[in-house]
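For reference, the chains in residue letters:
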Amino acid sequence: MTLELDGLTHRYGGETAVDDVSLGLESGELLALLGPSGCGKTTIVQAIAGHVRPTDGRVLLRGADVTDAPPESRRVGLVFQRSTLYPHMTVGENVAYGLAAREISPDRRDELVAEYLELVGLDDARSASPAALSGGQRRRVELARALAPQPDVLLLDEPLSALDRSLRDRLREEIARVQRETGVTTLFVTHDQRDAMALADRLAVMRDGRIEATGQPRALYDDPPTRFVASFLGRSNALSAAVLGRDPLRVSVCGAEIALPAARVDAAAGTRLVCHVRPEDLEIRPTDADRPGPSVSGEIVDVTDAGRRYDVTVRTATGEELSVERPEPPPAAGRTVSVRLPPEAVTAFRADGE
Amino acid sequence: MSLSKPTGARRLGRTPELLVPAVLGAFVLLYFALPFASFLSRTGVEHVAAGVSTPGARVAIRNSLLTAPVTTAIATGFGVPLAYVLARASFPGKRLVEALVLLPLIVPPVVGGAMILTAFGRFTPIGSAAAAVGVSLTDSLVGVVLAQLFVAAPFVIITARAGFGAVDERLEQASRSLGHGPIGTFWNVSVPMARSAIAAGIVLTFVRAIGEFGATMMVAYNPRTMPTEIWVEFVGGGIDAITPIAVALLAVALAVLGVIGRLGRVPTVIEE
C-alpha cells in the first residue's frame, strides 16, 4: 500500500470536517475522491501532505507512519485548485525548485527539468515567466513541478475546477496520460463526477466527512450502494415506492408494478421505499404501442434541447415528475406518452435515509 | 429615432467624475509644495556646501549616517520575523502584541524618549549594568539608536506584516511539499513575494530614524545627529543657519528612497 489513511479524523473547533476515514491507494493507482464542496476532501489532502495535523487517526506513506512528520520530509506532490507557481522564478526555476531541496547534482537537475517540461509539452517555455503562460499551461507546469522530485504520491486538489469546459476536458486527458506514463500513485480530489468517472481507476464518494462508498466508477454508477451515491454520481430520478410482496421483491412505482429480483433491500409488504432510475435508462413510447414490461403513462410537461440529447420531463398520473433523456426529438409538450421502466435499471433503497 | 441621442446629450453636459476630489486634493498638494519651494529658494549651492562643511555639521551628518542604518538594520532583522509571525500565526494575546507594536506610534516621540530614560537611563538597573561594562545607553550613539528604534521600528513591522498577509499561504505549503523546510520557505518564497512591502517598510523606518528628533533629544542630546544639530543651529542662528544641513538630510532620505525602491522591484534570484 503506497498511501494509507487509518481512521483519519479532523475537527476545526467543534466542527468535524473529516470523520473516521480509512482509505488505501495501491502503487500506481489513480483514486478519485469525489464529494460535494465542504465534505472534507481538502482537509484529507492537507492531512496527507502534512499541512494539517489531524485530530485523530494516522497517515501512512509506504508503510511508514508520517502523521507527525513535517511536509518537507514526506514525498508528496501537490497541485492546488489555483496556481501556486512562483511569479519571481522562471518556469524552469519553478520545476527545479523541488529538486533543489534534494541531493541531486546540478547536471542531473537540468536533465530532470527538461524531462518533466517535455512530459507536459512545455520544453520551450523553460525560461518564460509563469505570468506569460495561459491558464492551461500553468496547470501543466505545476504538474511538472510536482512530479519532478518523483513523489511517492501525487495529490491533485480540484486541479481542473478553475478552468472552462473545453480546456478542462483537454487537461483531464493530459493528466490521465501523464499519470499513465509516470505511473505515479495519484489521489484526485474533485466535486465533478464527470472528471472523477473519466479519470479514476477507483472512486471514493465522500459525504459530510465520511466515505460513503468506494468501488469501480462504472459499478458505483450502475449499481449505487446508497441513495446519495445514486443521486450524486450522475443524474437520477428518485421515486417513492411501496412494497407489494417479497421473494422476489415486488414494488409499486408511479402506479406500475415492478419485480426487482436483484434488489438488496428486503422489506415486508407495505414498507415505503425509494427507487432510483437514471434518465438515460427510461424510454418514451407512444401510449398505444405494444408494451412489454412495466411502464407508466404521463404527460410531457417540458422539453429541453441539451444539444446532444433532449431532456424531457414527464408528469405521471400519480403526480411524480420523471426526467428522461432521449437522443431523438421527443413528442411535443402536452402529449400523453408511456414511459418504460426497465426493472434492471431500478435500484431500491429504504426510504429512511440509506 | 436613435436611442443613443439622449445618452450623447447627457455625456456632453457631464462633469468629469474625478473633478471634485481632484480639486480637493490639489489644495493638499499646494500646501505640501509651497514650504518646500520657499525653503529651498532661500539657499544656494555655495551656501549649502559651506554650511555642511562646518565641523559641527560634519559630525552630525556622520552620526546620522552611522545610527540610522544601524537602527534600520536592527528594526528589519527583528521586525520582519515578528511581522511574519503576526501574519501567519493565531495565538492567545495576539491582539495585545499587535497593540504593543502600534504603541510607539501613538506616543509622542518626546514622551517615548522620556519612557526610554525611565527604562534604560543611567540610574536604572539596565542602564547602570551597561555602564559597568563600558556601554552608555544615554548620551551616546547607542542612545541615539535606542531612541530611533523605538520611534521608527513599528513602520517596517506593520508594512511587512501587510505584505506577508497578502502572500497566499498555499504558495508556502507548495514549497514545504517540494522539500523546503520552514526557514527555506521563508527565504525562497515568503520574503521574495513580500519584497515590495518589506522594501517600503525599510524606507519608512529609515527616513523616520534619520529624521528622529523628539526621542533622540531626550535620550541623547549629545552626540548630535542631523535633527538635533538643526535644532541647535536654529536656536542660535535662525532659518538661514539650518538650510544647508536640512537640505543634506532631505538628500540622504531621497537617495535611500530611490535605492531601496529600486531593489524592491528587482526580482530576487533564487540561488541553486
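Structure shown above.
Everything numeric here is computed off the predicted structure, so don't read it as measured data.

Here is what the cut-offs are and how they apply
Residues numbered from 1 in each chain as written. Chains lettered and ligands numbered in written order. Predicted model: local features only at pLDDT ≥ 70, side-chain atom pairs only at ≥ 80, totals over all residues. Heavy atoms only, no water. Helix = DSSP H or I, 4+ residues; strand = E, 2+ residues; numbered from the N terminus. Expected span 1.5 Å × (residues − 1). Buried < 20%, exposed > 50% of the residue type's maximum accessible area, 1.4 Å probe, protein only. Arc of directions from axis to C-beta. Contact = heavy atoms within 4.5 Å. Buried area = accessible area lost by both parts, 1.4 Å probe. Salt bridge = Lys/Arg side-chain N within 4 Å of Asp/Glu carboxyl O. Polar contact = N/O pair within 3.5 Å; in protein donor to acceptor, adjacent residues only side chain to side chain. Nonpolar A, V, L, I, M, F, W, Y, C, P; charged D, E, K, R; others polar. Pairing = 2+ DSSP bridges. Axes fitted to C-alpha atoms, helices over the stretch in contact; angles between N-to-C directions. Core = buried A, V, L, I, M, F, W, Y, C linked by side-chain atoms within 4.5 Å. Phe/Tyr/Trp six-rings, centres within 6.5 Å; stacked < 30°, edge-to-face > 60°.

### So, helix H3 (residues 106-119) of chain A
All names here are of chain A.
Move 1: Between the first and last C-alpha of H3 there are 20 Å, a value that for 14 residues agrees with the 20 Å anticipated at 1.5 Å per step.
Move 2: Buried within H3 are the following residues: Arg109, Leu112, Val113, Tyr116, Leu117 and Leu119. With its buried residues spanning 150 degrees around the axis, H3 presents them on a single face. Projecting away from the buried face of H3 at angles above 90 degrees are the exposed residues Asp107 and Glu118.
Move 3: Residues of H3 that are buried in the fold lie against helix H2 (91-100), helix H4 (135-147) and helix H5 (165-182).
Move 4: Glycine 121 sits one or two residues past H3 and shows a positive phi near 70 degrees.

### Points about the interface of chain B and chain A
Move 1: Contact residues are listed per partner, giving 22 residues for chain B and 25 residues for chain A.
Move 2: Each partner contributes to the roughly 2,000 Å² buried at the junction of chain B and chain A, and carbon and sulfur atoms together form 60% of this total.
Move 3: Ranking the residues of chain B by area buried against chain A places Arg170(B), Ser177(B) and Leu178(B) at the top, with a combined share of 32%.
Move 4: For the salt bridge of Arg176(B) with Glu72(A), the shortest nitrogen-to-oxygen distance reads 2.6 Å.
Move 5: The interface formed by chain B and chain A includes 10 residue pairs in polar contact (both at pLDDT 80 or more).
Move 6: Taken together, the elements giving at least two residues each to the side of chain B that touches chain A come down to helix H9 (169-177) and helix H10 (182-193) of chain B.
Move 7: Residue composition of the side of chain B that touches chain A, by class: 8 nonpolar, 10 polar and 4 charged.

### Overview of the sheet that holds strand S10 (residues 210-215) of chain A
Backbone-to-backbone hydrogen bonds join strands into a sheet, with any given pair of strands oriented parallel or antiparallel.
Residues and elements named next belong to chain A.
Move 1: Taken in spatial order, the 6 strands of this open sheet run S6-S7-S8-S3-S9-S10, and their pairing is mixed. Single-partner strands in this sheet number two, and they are strand S6 (76-79) and S10. Across this sheet, the average inter-strand angle for adjacent strands is 20 degrees, counted without regard to direction.
Move 2: Of the strands in this sheet, S6 and strand S7 (153-157) are in contact with H4, which crosses S6 at around 170 degrees.

### Remarks on the nonpolar core
Move 1: Within the largest apolar cluster, 45 residues are counted, with the highest numbers of intra-cluster contacts made by Leu143(A), Leu147(A), Phe188(A) and Leu203(A).
Move 2: With residues up to four places along the chain from it excluded, the contact list for Leu147(A) reads Tyr116(A), Leu119(A), Leu154(A), Val178(A), Thr182(A) and Val184(A).
Move 3: Core analysis: the second largest hydrophobic core is formed by 38 residues, Ile157(B), Ala199(B), Leu249(B) and Ile260(B) among them.

### Points about the packing of aromatic side chains
Move 1: This model, assessed by the stated rule, comprises 8 aromatic pairs over all chains.
Move 2: Measuring from ring centre to ring centre gives 5.4 Å for Phe228(A) and Phe232(A), while their planes differ by 10 degrees; the resulting arrangement is stacked. In this pair, Phe228(A) and Phe232(A) are both assigned in helix H8 (residues 227-232), 4 residues apart and thus about one turn of the helix distant.
Move 3: Seen in terms of ring centroids, Tyr84(B) and Phe186(B) are 4.8 Å apart; in terms of plane orientation they differ by 70 degrees. Their pairing is edge-to-face. Of this pair, Tyr84(B) sits in helix H4 (residues 55-88) while Phe186(B) is found in helix H10, placing the two residues 102 residues apart along the sequence. Here Tyr84(B) and Phe186(B) have matching classes, each one buried.
Move 4: Among the aromatic side chains, those forming a connected cluster through ring pairs are Tyr84(B), Phe164(B), Phe186(B) and Trp187(B).

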